Amino acid sequence: MLRHTRLAGESADHLAAREELRLAEIELMRHREQVAAQRRALPQGPLVDDYVFIEGPADLNAGDTPVREVTLSGLFTAPDRPLIVYQFMYGKLQTDPCPMCTLWIDGFNGIAHHIAQSADFVIAAAADPSALRQHARNRGWHRLRLLSCGDSTFKYDLGSEDKDGEQDSTVSVFTRDGEGTVRHFYSAHPRMADDIDGRGIDLLAPVWHILDLTPQGRGDWDASLDY
């Protein structure tokens, strides 16, 4: 038995239950690694269009102009680096920024410089650049590359927007080879099945997993923009 504490008074029942839980946690960890290996082994994905995005100045405090167009292929900084795109629920029918997406992106802003060691990472939204950038200023997102999808079909094609403009949060990964060919590698949405809604990408944020460590668990807690 591997004990994680040296506290006096721990009952035999508590220690036995904790050991059973430790073994279950090891099994879960190994299963997560198997799933990650299965993801890495996906067959080659399809070619994708070289979608065009709109981007403002790199410095959020420099205003919202001038804007420039940047292509999907132009977001890669090297052929051997994957591109991760988090698709933010903001714009079109989503007239207010999604609180849950905002929570996730708050966290991404804190670790973006670490992700940059291994991959290119951007935030894409249907919102106009000025609205997206104002929300980013309000949240202090100074480490993130923020893109508006403009008139492109990027979000629709990747399943993060329907034909009416209803938005969904999505994470997508793309690759580019030495010849400049861009392919879709992987996408995930919150809805995993008809009876599993909102859990598909919760591994991207630690908040719920930290709450799961507590006696009450995550419960029905949800993100808000008001605190």
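Structure: see above.
Predicted model only: the values in this text are computed from it and were never measured.

Novice: I keep staring at the overall build of the chain and nothing clicks. Help me out?
Specialist: For the chain, the helix and strand inventory stands at 5 helices and 7 strands. Traced from its N-terminal end to its C-terminal end, the chain shows the element sequence α-β-β-β-α-β-α-β-α-β-β-α. Along the first, second and third principal axes, the C-alpha set of the chain runs to 65 × 45 × 35 Å. Here the chain holds 227 residues, and the buried ones make up 37% of them. In the chain, the share of contacts with a sequence separation of at least 24, taken over all contacts with a separation of at least 6, comes to 59%. Averaging the positions of the 23 positive and the 35 negative side-chain charges in the chain gives two centres separated by 7 Å.

Novice: Looking at this structure, how should I read the pairing of strand β7 (residues 182-188)?
Specialist: Here is the key point about a regular strand: its side chains alternate between the two faces of the sheet. When strand β6 (residues 170-176) meets β7, the two strands line up antiparallel, connected through 6 bridges. The partner of S172 across the bridge, within β7, is S187. Between the end of β6 and the start of β7, which pair antiparallel, lie 5 residues, with G180 showing a positive phi angle near 90 degrees.

Novice: Which parts of the structure should I look at to understand the pairing of strand β3 (residues 83-88)?
Specialist: Most of β3 is tucked away: 5 of the 6 residues are buried. On the question of chirality, the crossover connecting β3 to the parallel strand β4 (residues 120-125) by way of helix α2 (residues 99-115) is right-handed. As defined by bridge partners, β3 adjoins β6 across 5 bridges and the pair is classed as antiparallel. Its bridge partner lying in β6, Y86 is registered against V171.

Novice: Looking at this structure, I do not really get the nonpolar core. What am I missing?
Specialist: Where a protein is soluble and globular, its nonpolar side chains tend to be buried together. Ranked by internal contacts, the top residues of the largest apolar core, which has 29 residues, are Y86, F88, I123 and L144. Elements supplying a minimum of two residues to this core: β3, α2, β4 and α3 (129-139). Counting residues per element, this core draws most heavily on α2, at 7 residues.

Novice: Which parts of the structure should I look at to understand α2?
Specialist: In this model, α2 (17 residues) spans 23 Å end to end at C-alpha, consistent with the 24 Å of a helix rising 1.5 Å per residue. Along α2, the helix axis deviates most sharply at N109, where the bend reaches about 45 degrees. Regarding α2, the residues found buried are C101, T102, L103, W104, I105, F108, N109, A112 and I115. Among the structural elements, β3, β4, α3 and α5 (207-211) are those in contact with the buried residues of α2.

Thresholds, definitions, all that
Residues numbered from 1 in each chain as written. Predicted model: local features only at pLDDT ≥ 70, side-chain atom pairs only at ≥ 80, totals over all residues. Heavy atoms only, no water. Helix = DSSP H or I, 4+ residues; strand = E, 2+ residues; numbered from the N terminus. Buried < 20%, exposed > 50% of the residue type's maximum accessible area, 1.4 Å probe, protein only. Contact = heavy atoms within 4.5 Å. Lys, Arg positive; Asp, Glu negative; His and termini not counted. Charge placed at Lys NZ, Arg CZ, Asp CG, Glu CD. Pairing = 2+ DSSP bridges. Right-handed = clockwise from strand over helix to strand, strands pointing away. Core = buried A, V, L, I, M, F, W, Y, C linked by side-chain atoms within 4.5 Å. Expected span 1.5 Å × (residues − 1). Bend = angle between axes of the 7 residues up to and from the residue.

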